[in-house]
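Geometric and topological summary
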Amino acid sequence: SAPIMERADLFIVNEHEYELLPALRNAALVAVTLGADGARLLQRGTVVARASGRRADVRSTVGAGDAFSAALTLGLLRGDEPAIALARACDVGAAAVEDDRSQPALSGIDEYAIGPYETH
């Protein structure tokens with residue numbers, strides 16, 4: 001709804017959800033996850049950053065979205081460049097799927113690689 005769009009600082013959705021929710025094109029900031037292909041960050045519908053995914057030995061997808069979301073939010077809140085925060089979040093998400101547990105044992109945020117990314 002409109003009040004949520006105006007009040008939320010960040011929405012995180014997968015590519016299918018983004019297509020089904022056209023109102024997100026007007027949101028302040030939206031991260032769209034693309035699975036193994038990485039993610040993109042949009043500001044008011046315009047792509048401002050892209051990050052590549054990395055190959056992962058998928059053992060469990062439970063918790064991967066939460067890990068990605070936490071890493072992206074942490075990176076943005078501490079002032080990382082958006083493209084760097086997005087790239088690191090992709091690596092954290094990949095690490096999460098490589099763990100059998102629904103609450104994967106993850107390292108500190110700075111331990112994760114910053115894969116290829118683009119700033120627009």
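Numbering of residues begins from 1 in every chain and follows the order in which that chain's sequence is written. Local features in this predicted model are restricted to residues of pLDDT 70 or higher, and side-chain atom pairs are both shown and tallied only at a pLDDT of 80 or more, whereas totals for entire chains, interfaces and linings draw on every residue. Hydrogens and water molecules were not included; the side-chain quantities draw on all heavy atoms of the structure.

**Concerning the sheet that holds strand E5 (residues 117-119)**
Going by this rule: Strands pair, by our definition, only if DSSP identifies at least two bridges between them. Helix numbers and strand numbers start at the N terminus; a helix is a DSSP run of H or I with at least 4 residues, a strand a run of E with at least 2. Under this scheme, a helix contributes an axis fitted over its contacting stretch, all axes are lines through C-alpha atoms, and angles between N-to-C directions fall in the 0 to 180 degree range. Residues count as neighbours in contact if any of their non-hydrogen atoms are within 4.5 Å of one another.
Pairing within the open sheet is mixed, and its five strands lie in the order E1-E2-E3-E4-E5. Because the sheet does not close on itself, it has two edges, and the strands there are strand E1 (11-14) and E5. Neighbour-to-neighbour, the strand axes of this sheet turn through a mean angle of 25°, independent of strand direction. Where strand E3 (residues 39-43) and strand E4 (residues 46-51) come together, five bridges link them in antiparallel fashion. Across the sheet, residue Ala39 finds its bridge partner in E4, namely Ala51. Sitting on the sheet, helix H3 (residues 64-77) touches E1, strand E2 (30-33) and E3, and the angle it makes with E1 is about 145°. Packed onto the sheet, helix H4 (residues 82-97) meets E3, E4 and E5 and runs at close to 45° relative to E4.

**Concerning the packing of H3 against H4**
The following threshold applies: For classification purposes, angles smaller than 35 degrees are called roughly parallel, those larger than 145 roughly antiparallel, those between 65 and 115 roughly perpendicular, and all remaining angles oblique. Left-handed is the label given to a crossing in which the near helix is rotated counterclockwise from the far helix by less than a right angle, and right-handed is the label when the rotation is clockwise. Side-chain classes follow a simple rule in which Ala, Val, Leu, Ile, Met, Phe, Trp, Tyr, Cys and Pro form the nonpolar group, Asp, Glu, Lys and Arg form the charged group, and the remainder, Gly included, forms the polar group.
Put simply, H3 and H4 touch, their axes get as near as 8 Å, and they point 155° apart. If you check the angle between H3 and H4, you find them roughly antiparallel. Remark: the crossing between H3 and H4 carries right-handed chirality. Across the interface between the two elements, Ala64, Ala67, Phe68, Ala71, Leu72, Gly75 and Leu76 of H3 pack against Pro82, Ala85, Leu86, Ala89, Cys90, Val92, Gly93, Ala96 and Val97 of H4. Split into classes, the residues belonging to the contact of H3 with H4 amount to 14 nonpolar, two polar and no charged.

**Examining the environment of Pro22**
Keep this limit in mind: The cut-offs for exposure are 20% and 50% of the maximum accessible area for each residue type, with area from a 1.4 Å probe on protein chains only; residues under the lower value are buried, those over the upper are exposed, and the others partly exposed.
Structurally, Pro22 can be placed in the loop between helix H2 (15-20) and E2. Given a relative accessible area of 53%, Pro22 falls into the exposed group. Considering only alpha carbons, one finds Pro22 and Gly45, 23 residues apart in sequence, at a separation of 9.7 Å.

**Examining the side chain of Ser60**
Note the threshold: What qualifies as a polar contact is a pair of N or O atoms within 3.5 Å, subject to a donor-acceptor requirement within protein and to the restriction that residues adjacent in sequence count only when both atoms come from side chains.
Examined against the element boundaries, Ser60 turns out to sit in the loop between E4 and H3. The buried category is assigned to Ser60, whose relative accessible area is 14%. In this structure the side chain of Ser60 is engaged in a polar contact, spanning 3.3 Å, whose partner is the backbone nitrogen of Val62. In this structure Ser60 touches Ala96, Val97, Asp99 and Asp100, once residues within four positions along its chain are discounted.

**A few points about the packing of aromatic side chains**
As a reminder of what qualifies: By convention, a stacked pair of Phe, Tyr or Trp rings (six-membered ring in the case of Trp) has centres within 6.5 Å and planes under 30 degrees apart, an edge-to-face pair has planes over 60 apart, and any other such pair is tilted. Only when the NZ of Lys or the CZ of Arg is both within 6 Å of the ring centre and within 35 degrees of the ring normal is a charge said to sit over the ring.
One pass over the structure, following the stated rule, counts zero aromatic pairs. Arg25 extends its terminal NZ or CZ atom over the ring of Tyr18, reaching a point 4.3 Å from the ring centre.

**Description of H3**
Cut-off, in case you're wondering: Take the residue count of a helix, subtract one, and multiply by 1.5 Å to get its expected span. Here the arc refers to the set of directions running from the helix axis out to each C-beta atom.
An ideal rise of 1.5 Å per residue puts 20 Å on 14 residues; H3 measures up with 20 Å between its terminal C-alpha atoms. All of the buried residues in H3 are Ala64, Ala67, Phe68, Ala71, Leu72 and Gly75. Looking straight down H3, one finds that the buried residues subtend no more than 125° of arc, so they occupy a single side. For H3, exposure combined with an orientation more than 90 degrees from the buried face picks out Asp66 and Leu77. In this fold, the buried residues of H3 make contact with E1, E2, E3 and H4. Gly79 sits one or two positions beyond H3 and adopts a positive phi of about 95°.

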